[in-house]
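Structural overview
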Amino acid sequence: MRTRLFRAVFVVSVAALGATATAGCSTETTSSSEVGSIGVALTLASGTTLNSVSYAISGPSGFSRTGSLDTSRSSIISGIIPALPIGAGFSIALDATSVEGSLHCAGVAPFGVTAHATTSVTVHLSCRETSGVGGVLVSGTLNICPAVDGISANPGEVLVGSSIALSALAHDADGAPSSLTYQWTTTAGTLSAVAAQNPTLTCTTAGAVTVTLSVSDGDCGDTLSTTVVCTGAPRVVINEVESNGDALGDWVELTNTGNVTADISGWKLKDDTDSHAFVVVPAGTTLAPGAFYATYVSATFGLGAPDMVRLFDPAGTLVESYSWMTHAAGTYGRCPDGTGAFVDMTPSRGAANICGGGAAGAGGGAAGAGGSAAGAGGGAA
């Protein structure tokens with residue numbers, strides 16, 4: 001802050017002022033023959049504007065007077081302060097702030113009032129520039145952010161429908177300001193608990209799945225991602241059976257209820273008689289999820305009632321079987337396709353089963369579980 005000094009000169013004279021009006025107010029009255037006046041004149045620095053200057057006069061016997069001088073129409077501080085009692089021990093204090101607020105001026109000087117004499121009083125005004133800059137007090141706190149050390153996924157690859165155990169490895173060096181929290185997200189599948197340290201991920205679709213872990217101490221945190229694989233698997237089942245022959249003969253329909261295309265090359269069908277030959281699916285045959293494959297079996301073995309149809313994989317392992325006691329009025333088919341129970345229904349070879357109107361045939365049997373041996377000795381059509 002810079003300080004400028006201005007000099008104010010006050011002229012004090014004693015005169016019989018009679019009824020002259022006073023500026024400000026006074027705590028003492030005197031006869032007109034015992035009073036004087038003080039004249040004020042101050043030239044301001046260029047560019048500085050004061051609308052008014054306040055003054056305060058104090059003197060002996062508790063004398064005081066305050067007031068102000070209007071300087072709004074002048075470039076100098078000037079004025080007459082009349083009716084001051086004669087005597088020594090007076091002082092005058094001036095105070096003013098510039099219109100633009102950049103300067104504050106103040107000063108004090110002693111003077112005395114002598115009868116029939118003129119006294120000059122000099123007041124030094126210190127004008128201080130208002131600071132245009134300030135400071136800021138900075139107080140900081142230290143927090144060490146937590147870090148993710150790793151993500152454990154066991155196993156890293158599973159079949160669709162299976163689960164992967166996830167585990168978060170993280171630490172917070174200062175353990176503050178709050179306890180460590182965990183948040184998991186995944187691009188596919190379902191998580192058992194998104195805010196647990198060690199949740200499980202259940203695969204719902206085939207493909208690569210990105211798993212992301214975020215940890216936080218309430219102030220800052222860290223993030224890490226890893227990738228696991230959900231492997232799709234085909235599931236081939238018997239879907240519809242024509243045991244009483246259509247215009248071309250008996251047939252069996254397969255469908256794939258899995259989530260990836262199945263290569264059914266070499267898969268085999270047989271009725272309930274072990275000595276009969278297999279009907280083998282030709283090489284290069286694939287079955288997409290939800291698709292159907294139907295083949296006539298009459299040229300190799302016929303289907304009768306009661307009877308059974310068995311499905312084997314290329315290695316000769318029994319995958320599934322379905323048996324019945326009597327022929328269906330239409331065909332035996334699953335409702336819904338691939339997963340439901342077999343019912344007597346309108347034939348729909350190579351297409352989605354026509355469900356909703358049919359009822360289980362009186363002679364309908366049940367689908368055998370994969371891996372069980374089919375009974376032998378049944379009659380063939």
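Below is a short write-up of the structure.

Reading the values: the criteria
- Residues numbered from 1 in each chain as written.
- Predicted model: local features only at pLDDT ≥ 70, side-chain atom pairs only at ≥ 80, totals over all residues.
- Heavy atoms only, no water.
- Helix = DSSP H or I, 4+ residues; strand = E, 2+ residues; numbered from the N terminus.
- Buried < 20%, exposed > 50% of the residue type's maximum accessible area, 1.4 Å probe, protein only.
- Contact = heavy atoms within 4.5 Å.
- Areas by Shrake-Rupley, 256 points an atom, 1.4 Å probe, with all protein chains shown as cover.
- Phe/Tyr/Trp six-rings, centres within 6.5 Å; stacked < 30°, edge-to-face > 60°.
- Lys NZ or Arg CZ within 6 Å of the ring centre and 35° of its normal.
- Disulfide = S-S within 2.5 Å.

1. Quick notes on the overall build of the protein chain
If you tally the helices and strands in the protein chain, you get zero helices and 29 strands. Every one of the 381 residues in the protein chain was classed for burial, and the buried ones make up 37%. Summarising the internal contacts of the protein chain: among those between residues at least 6 apart in sequence, 62% fall at separations of at least 24. Summed over all atoms, the accessible surface of the protein chain reaches about 18,400 Å², with 54% contributed by carbon and sulfur.

2. Some words on the packing of aromatic side chains
A complete count under the given rule lists seven aromatic pairs for this structure. Taken together, a centroid distance of 6.3 Å and an interplanar angle of 40° make the contact between Trp-324 and Tyr-332 tilted. Since its relative accessible area comes to 1%, Trp-324 is described here as buried. Classification of Tyr-332 by relative accessible area gives buried; the value is 1%. These aromatic residues form a ring-pair network of at least three members: Tyr-322, Trp-324, Tyr-332 and Phe-342. The ring of Phe-278 carries Lys-268 above its face, with NZ or CZ at 5.2 Å from the centroid.

3. Looking at the state of the cysteines
Under the counting rule described, the total for this entry stands at three disulfides. The side chain of Cys-335 participates in a disulfide bridge whose partner is Cys-355; the two sulfur atoms lie 2.0 Å from each other. What sets the handedness of the Cys-335 and Cys-355 disulfide is the S-S torsion sign, and at about -95° it is left-handed. Here Cys-355 lies in the loop between strand S28 (341–345) and strand S29 (364–368) and Cys-335 lies in strand S27 (residues 331–335), a separation of 20 residues in the sequence.

4. What about the environment of Leu-125?
Examined against the element boundaries, Leu-125 turns out to sit in strand S9 (residues 118–129). Judged by its relative accessible area of 4%, Leu-125 falls in the buried class. Leu-125 sits 31 residues away from Leu-94 along the chain, and the two C-alpha atoms are 7.7 Å apart.

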